[in-house]
Amino acid sequence: MLPIVFLFQLVLEATQLVTPVPKFEPQTIDGNISIGYGLALGDVDGDGKPDILLADKKQFVWYRNGDWKRFVMIENLTEQDNVCIAARDLDGDGKVEVAVGAQWNPGETSDTTKSGSVHYLIRPKDPTHLWEAVKLHHEPTVHRMQWVKSADGSFYLVVVPLHGRGNKNGVGEGVKVMAYRFPKNPRNTWSTGTIINNMHMTHNIAIVEELASKRTDLYIAGKEGVRLIEGLSGKSDAGIAHKITGADSAAGEVRIGKLGKEKFLATIEPMHGVAVVVYINGENKKRQVLDDELKEGHALAVADLLGIGRDQVVAGWRIANTQNKVGIKLYVPRNKSGSEWDSYWIDENGIATEDLQVLDLNSDGKPDIVASGRATKNLKIYWNKTK
């Protein structure tokens, strides 16, 4: 007979690995967006509830949590399209600071007047009114941005262009990934530094801020695969982009998750790719393909939406695949090692996903999903009703 203690441990582990069936209820909050290039989530009006911010074709807008009323922050900022938005409370007043990227012209990699822009938006007293734009330095083909807290407690806007200057078809100068230090007065000059410039055709970033160790790491997905910048400080040339053993396939999206205590990488490969991939097991990452039936995969998130103690992967794509379907899927690890995964539809053919974000929008302790659809021209919330 097995010892009672051992039997108890087996029962406990089996209980911990029971996975509830995912259940998400969709709500369309805008069925008439233009493209929906990028999303951010955060409290805009200071009511304690996270709102939705959207970089649309010619407008930057936000949707008020509750009634989901739409407000224009600024429009026609540049001649070309808008492309990205970043929102985070930097000064502790309970309201997000907002930066945006526009003049989206990926075919022009040299002329800064015709490609790329970075602006900080100054909020009015009433955030439902138009905001003021402060123009900042930029490189051509600005594509993604995030607010980041560095090890010394300072905040930076990290900006990732698609190409380096003069880069053609992924060949030429490396991409200048830059950090803009948030000043006391945003109207004043912002100090900037180039973090790295030795990657090509970078597409997206993931930030890991370790509060206990006061450490901030930056993962960048691009032509060379996923690279890691350890201990981001914002100073010029302060970071080294380390190769991650095994994760050298070209990637467009990257996120970091946990299987218990161990971290894993999740990617979409290649850029605008077909495969959802995870890399598990310490330094020598083991590559596992969870799905290879996407077409122009362009949205990725990692979170524990089901409350099972190990993160799941959410992925979306924007072009109909071989089954003539677009949408969003959830990938769930069956065990703590991440050796086996199950997939579930979140939205089957109802959204041509351009971007998605995950956050608890109604304070019920369950993360919800927000997604914007390119060809479908919709903005949707997927309310987490999993039991």
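Up top you'll find the structure we're talking about.
Residues numbered from 1 in each chain as written. Predicted model: local features only at pLDDT ≥ 70, side-chain atom pairs only at ≥ 80, totals over all residues. Heavy atoms only, no water.

### Re the overall build of the chain
Across its full length, the chain carries 1 helix and 28 strands. The C-alpha atoms of the chain give 21 Å as radius of gyration, which agrees with the globular expectation for 387 residues (21 Å, within 12%). Along the three orthogonal principal directions, the C-alpha set of the chain runs to about 75 × 45 × 45 Å. Per-residue burial for the chain yields a buried fraction of 55% across its 387 residues. Nonlocal contacts in the chain, meaning residues at least 24 apart in sequence, comprise 49% of its contacts between residues at least 6 apart. Taken as a whole, the chain presents about 16,700 Å² of accessible surface, with 49% of it coming from carbon and sulfur. (Helix = DSSP H or I, 4+ residues; strand = E, 2+ residues; numbered from the N terminus. Rg over C-alpha atoms; globule rule 2.2 N^0.38 Å. Buried < 20%, exposed > 50% of the residue type's maximum accessible area, 1.4 Å probe, protein only. Contact = heavy atoms within 4.5 Å. Areas by Shrake-Rupley, 256 points an atom, 1.4 Å probe, with all protein chains shown as cover.)

### Concerning the nonpolar core
One finds Val118, Met145, Trp147, Leu157 and Tyr180 to be the most contacted residues of the largest nonpolar core, which totals 23 residues. Leaving out residues up to four positions away in the same chain, tyrosine 180 has contacts with Val118, Leu136, His137, His138, Phe155, Tyr156, Leu157, Val159, Trp190, Ser191 and Thr192. Counting residues in hydrophobic clusters, the runner-up holds 18 residues, among them Phe264, Leu294, Val302 and Trp317. (Core = buried A, V, L, I, M, F, W, Y, C linked by side-chain atoms within 4.5 Å.)

### Here we look at the pattern of salt bridges
On inspection of all chains with the given rule, the structure shows 18 salt bridges. Linking glutamate 209 and arginine 88 is a salt bridge whose minimum nitrogen-to-oxygen distance equals 2.8 Å. Residue glutamate 209 is found in strand E14 (residues 204-210), and its partner arginine 88 is found in strand E6 (residues 84-88); the two are separated by 121 residues along the sequence. Judged by its relative accessible area of 26%, glutamate 209 is partly exposed. Given a relative accessible area of 26%, arginine 88 falls into the partly exposed group. For glutamate 132, the salt bridge is made with arginine 187, and the minimal N-O distance between the two is 2.7 Å. Note that glutamate 132 is positioned in strand E9 (residues 132-136) and arginine 187 in the loop between strand E12 (177-181) and strand E13 (192-196), a separation of 55 residues in sequence. (Salt bridge = Lys/Arg side-chain N within 4 Å of Asp/Glu carboxyl O.)

### Side note on the sheet that holds E12
Taken in spatial order, the 4 strands of this open sheet run E10-E11-E12-E13, and their pairing is antiparallel. A strand with exactly one partner marks an edge of an open sheet, and here the two such strands are strand E10 (142-149) and E13. Across this sheet, the average inter-strand angle for adjacent strands is 25 degrees, counted without regard to direction. In this sheet, E13 lies alongside E12 in antiparallel orientation, the contact comprising 4 bridges. (Pairing = 2+ DSSP bridges. Axes fitted to C-alpha atoms, helices over the stretch in contact; angles between N-to-C directions.)

### Considering the side chain of serine 154
The residue serine 154 is located in the loop between E10 and strand E11 (155-161) in this model. Setting aside residues up to four positions removed in sequence, serine 154 forms contacts with Val148, Lys149 and Arg181.

### Some points on the sheet that holds strand E23 (residues 312-317)
An order of E22-E23-E24-E25 is seen for the 4 strands of this open sheet, with the pairing classed as antiparallel. Both outer strands of the open sheet, strand E22 (297-303) and strand E25 (341-348), are each paired with one neighbouring strand and no more. Pairwise comparison of adjacent strand axes, ignoring direction, gives a mean angle of 20 degrees for this sheet. Strand direction decides the pairing type here: E22 and E23, joined by 6 bridges, are antiparallel. Bridge pairing in E23 places alanine 303 opposite glutamine 312.

### Things to note about the environment of aspartate 342
Within the secondary structure, aspartate 342 sits in strand E25. Residue classification places aspartate 342 among the partly exposed residues on the basis of a relative accessible area of 25%. Sequence-wise, aspartate 342 and alanine 299 are 43 residues apart; in three dimensions their C-alpha atoms are separated by 19 Å. Ignoring any residue separated from it by four or fewer positions in sequence, one finds aspartate 342 in contact with Leu330, Tyr331, Val332 and Arg334. A distance of 2.8 Å separates a polar atom in the side chain of aspartate 342 from a polar atom in the side chain of arginine 334. (Polar contact = N/O pair within 3.5 Å; in protein donor to acceptor, adjacent residues only side chain to side chain.)

### Remarks on the layout of surface pockets
Volume-wise, the largest pocket comes out at about 1,200 Å³. What lines the largest pocket is a set of 36 residues, and nearest its centre among them are Gln146, Ile207, Arg255, Gln357 and Val358. Those elements that provide at least two residues to the lining of the largest pocket are strand E2 (38-42), E6, E10, E14, strand E18 (253-259), E22 and strand E26 (353-359). The dominant element in the lining of the largest pocket, judged by the number of residues it contributes, is E14, at 7 residues. Here the lining of the largest pocket is composed, by residue class, of 22 nonpolar, 5 polar and 9 charged. (1 Å grid on protein atoms, 1.4 Å probe; cavity = no way out; pocket = protein on both sides within 12 Å on 5 of 7 lines; lining within 4 Å. Points joined across faces, edges and corners; volume = space filled by probe spheres on them. Nonpolar A, V, L, I, M, F, W, Y, C, P; charged D, E, K, R; others polar.)

These figures come from the coordinates and say nothing about function on their own.
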